[in-house]
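Each chain, letter by letter, is given below.
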Amino acid sequence: MAPSVQKITLSRSRDIPFHKLVLSQANVRRVKADVSVEELAEDIARRGLLQSLNVRPVLDAGGNETGMFEIPAGGRRYQALALLVKRKRLLKTTPVPCVVRDAETTILAEDDSLAENTQRVPLHPLDQFRAFLRLREKGMTEEEIAAAFFTTAQVVRQRLRLVSVSPALLDVYAEDGMTLDMLMAFTVNPDHARQEQVWEAVGNTGRNEPWHIRRLLTETTVRASDKRAVFVGLEAYEVAGGIIMRDLFQVDDGGWLEDAALLDRLVVEKLKVLADKIAEEGWKWVEAAVSFPYGVANGLRALYGSPVDLSADEQATIEALKAEYAKLEAEYEGAEELPDAVDARLGEIETALARFDDRPLRYDPAAIARAGVFVSIDTDGSLLIDRGHVRPADESPAEPEGSETPEADGADGDPGVPAVQRAVITVGGQPTEPEEEEEGIRPLPERLVMELTAHRTLTLRDAVALNPHVALTLLLHKLVSDTFQHRSMTGCLEAGVRHVFFPAQADDLKDSLSAKTIAERQEAWKQDIPAEDDALWDWLDRLDETSRMALLAHCVSFGVNALHEKPNTYGGNGVSAHGLKVRLAQADRLAQATGLDMVEAGWRPTFGNYLSRVSKPRILEAVREGAGARAAELIGHLKKADMAKEAERLLADTGWLPEPLRLGDQAQPADVPAGEADLEALPAFLAGDDEENPVAPVTGGDREHLSAAE
């Protein structure tokens, strides 16, 4: 005979007036972590009490029921009801649904309290998302859903955004196959096929971090912070039918532009319109591109323009600003620190005066007719216009003596005025209109020129050798012509500096401190150097010796070549192995003589310029040399991409340099002995899983004086 199964009996339910209920000190929840009685009270007021209280009869000293009931499980709900009673929104006599435990039960009150708080299972985020979705489908707005559940509309939008993830990936998440952070990363790109393709590629590998998933999903897009996107404008891109992908879960700098081809077309169209407008100024050519390589204007002669005259109102404004600036300076001359308002005003005045200094330049119309303009996009997305460059082929040829060729009549029939011409405009290297061929001027017979100038050359050599001052002026004249004016003729002196260009260069080369310093020095000299050849000679002849030597050094510097090249073993074009060795040795000697310091010049090892382009052993070697052995051990377990990123952080202020940038056998600085570096911990996602680094439990003070809470 089978044994009978003992049937369980559930505690009875009954409604008990609120004023008959009291909190029990047997409630195990003492620490009020993330509990809000205010929010729960509002929720009860809106929808009523969803869960009954667990109560026990209060007994007197003789073990008899007193008519009062204590609450070991449900204290937070009781406190919310008490708040509603206090605010006169609930009567003290209102019946409260309760589950009444038998007074003679052997189960302790603490047991009930612990069970209620530990047996409950938090709602899965996916269930929350699906519930929010159903509420929205039934007519509730995102703001209404947020108000009902005491959260923000942004959180609701984030949860609803999960609908853009492939159902297959939602199933993976539901089975704990990926983390919530990984799932949120997939919302960046709404293409389900691409999402599944990325998950197939990274799901079972060590490269499934959220940042890596986002990068793969956006690798064919363009960031909204890209200078092309800023130049065109997001609104214009969207009007043209472009789609912007956004990330609701982290800062995305405006999102990603999905249609790169459309963006490039809009960039070209806008550059074409702006180039056409600039061409109306009368330039012979206009080249427009997103960006130009470093040194694009080398070999071209720059025109010298004069600033447009100031109007009477502008001049009065300048005088007023200068007077205000002088008054403020005099008023606070002895102050250790300027008030914020005064400091801000001085900055505004300086900015306003600088705008007057940067006013447009006026050029000779005849010079404009054979010069051109470079139009590009600056790093901040603004238009960058570089006017006034003459190509060697467009230089005015010297007229032979006795020539009676009349000057071309201008548009109004006046001689000497250049005829109206249509500028040749190129955008991205492609001409927008077919270019017309221009008829060249035939030179004198080569044999005759050689015979006539041979006598003069021999005489000049003798004269120059007898006059050192003239010789130095002649050399400077040639070097300045090569460096600043890029004249098409070689001149009468077979000496010069061959500007060395860089066949391979990093993207950040033109933004380096050295490039900016050279450009500023070049511009400073250009402001003083006369444009005409005769005037240049006179100016150089009158220059003091200190300035002559400074100018000579500047011109010579353009010929410095410390580039490493692949030697040509077979003696053809290029440098030989011996020549390369001599070049680099002389470059080291020059660096020592000048006190070259690449760290002071602003070079730092970064993910892009070095660390991501070398092997992991190279990365570890760099960190070991620059930050110590302990730092290298700290990142030794990482994947290469993560290792390179962390190495950039560790080496940022160490002064470490790779071998090609060191001076001979220069030792690498180590701020502290190996293994003793004061290192910051790795970011959490690199240091390990949360399970391996559990959060320490919260501890409180005097537990006896804490109020009971659910």
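Quick caveat, the model's predicted, so the values are computed rather than measured. (Residues numbered from 1 in each chain as written. Predicted model: local features only at pLDDT ≥ 70, side-chain atom pairs only at ≥ 80, totals over all residues. Heavy atoms only, no water.)

### Some details on the confidence of the model for the chain
(1) Moving on: In the predicted model, the chain carries a mean pLDDT of 74, and the fraction of residues at 70 or more is 70%.
(2) Moving on: Counting interchain partners and residues more than four positions distant, the pLDDT-below-50 stretch residues 444–448 has one contact.
(3) Moving on: Per-residue pLDDT stays below 50 along residues 670–678; that stretch engages in eleven contacts with residues further than four places along the chain or on separate chains. (pLDDT = per-residue confidence, 0-100. Contact = heavy atoms within 4.5 Å.)

### Points about empty space enclosed by the protein
(1) Moving on: Enumeration according to the criterion identifies one cavity of 30 Å³ or more in this entry.
(2) Moving on: Size it by volume and the largest cavity reaches roughly 50 Å³.
(3) Moving on: Every residue lining the largest cavity is listed: Y610, R618, E621, A622, E625, W656, E659 and R662.
(4) Moving on: Tallied by class, residues from the lining of the largest cavity come to three nonpolar, no polar and five charged. (1 Å grid on protein atoms, 1.4 Å probe; cavity = no way out; pocket = protein on both sides within 12 Å on 5 of 7 lines; lining within 4 Å. Points joined across faces, edges and corners; volume = space filled by probe spheres on them. Nonpolar A, V, L, I, M, F, W, Y, C, P; charged D, E, K, R; others polar.)

### Considering the nonpolar core
(1) Moving on: Counting 31 residues, the largest nonpolar core has L257, L271 and W283 as the members making the most contacts within it.
(2) Moving on: Elements supplying a minimum of two residues to this core: α11 (227–232), α13 (260–279), β9 (285–288), α16 (365–368), β13 (372–377) and β15 (424–427).
(3) Moving on: No other element matches α13, which puts eight residues into this core.
(4) Moving on: Setting aside its immediate chain neighbours within four residues, L271 contacts F231, A288, A289, V290, V375, I377, L383 and V427. (Core = buried A, V, L, I, M, F, W, Y, C linked by side-chain atoms within 4.5 Å. Buried < 20%, exposed > 50% of the residue type's maximum accessible area, 1.4 Å probe, protein only. Helix = DSSP H or I, 4+ residues; strand = E, 2+ residues; numbered from the N terminus.)

### Notes on the packing of aromatic side chains
The description of an aromatic ring pair uses the distance of the two centres, along with the angle that the planes make with each other.
(1) Moving on: One pass over the structure, following the stated rule, counts six aromatic pairs.
(2) Moving on: Here the aromatic rings of F18 and Y78 are separated by 5.1 Å at their centres, their planes lie at 20°, and the arrangement is stacked. Within this pair, whereas F18 is found in the loop between β1 (12–17) and β2 (21–23), its partner Y78 is found in helix α2 (residues 75–86), the two being separated by 60 residues in sequence.
(3) Moving on: Under the relative-accessibility criterion, Y78 is labelled buried at 14%.
(4) Moving on: The interplanar angle of 75° and the centroid separation of 6.1 Å between the aromatic rings of F186 and W199 together place this pair among those described as edge-to-face. In this pair, F186 is assigned in the loop between α8 (180–185) and α9 (192–202) and W199 in helix α9, connecting sequence segments 13 residues apart.
(5) Moving on: Taken together, W285, F292 and F374 form an aromatic cluster joined through their ring pairs.
(6) Moving on: Cation over ring: R391 sits above W285, and NZ or CZ is 3.9 Å from the ring centre.
(7) Moving on: Over the face of the ring belonging to W211 we find K645, whose NZ or CZ atom lies 3.5 Å from the ring centre. (Phe/Tyr/Trp six-rings, centres within 6.5 Å; stacked < 30°, edge-to-face > 60°. Lys NZ or Arg CZ within 6 Å of the ring centre and 35° of its normal.)

### Some details on the environment of G636
(1) Moving on: Residue placement: G636 occurs in the loop between α24 (629–635) and α25 (640–651).
(2) Moving on: Residues G636 and L620 lie 16 residues apart in sequence; the distance between their C-alpha atoms is 7.1 Å.
(3) Moving on: Those residues in contact with G636 that lie beyond four places of it in its chain are L620 and M643.

### A look at helix α15 (residues 340–357)
The α-helix advances 3.6 residues per turn, and as a result positions three or four apart in sequence lie on the same side.
(1) Moving on: In a regular helix each residue adds 1.5 Å, so 18 residues correspond to 26 Å; α15 covers 26 Å between its end C-alpha atoms and thus fits that length.
(2) Moving on: In the core, the buried residues of α15 are packed alongside α14 (312–331). (Expected span 1.5 Å × (residues − 1).)

### What to know about the sheet that holds β2
(1) Moving on: Taking strand neighbours across the sheet as the criterion, the five strands line up as β1-β5-β3-β4-β2 in an open arrangement whose pairing is mixed. The open sheet terminates on both sides in strands that have one partner only, identified here as β1 and β2. Adjacent strand axes in the sheet meet at a mean angle of 50° when their direction is disregarded.
(2) Moving on: By the bridge criterion, four bridges tie strand β3 (residues 53–59) to strand β4 (residues 65–73) in an arrangement that is antiparallel. (Pairing = 2+ DSSP bridges. Axes fitted to C-alpha atoms, helices over the stretch in contact; angles between N-to-C directions.)

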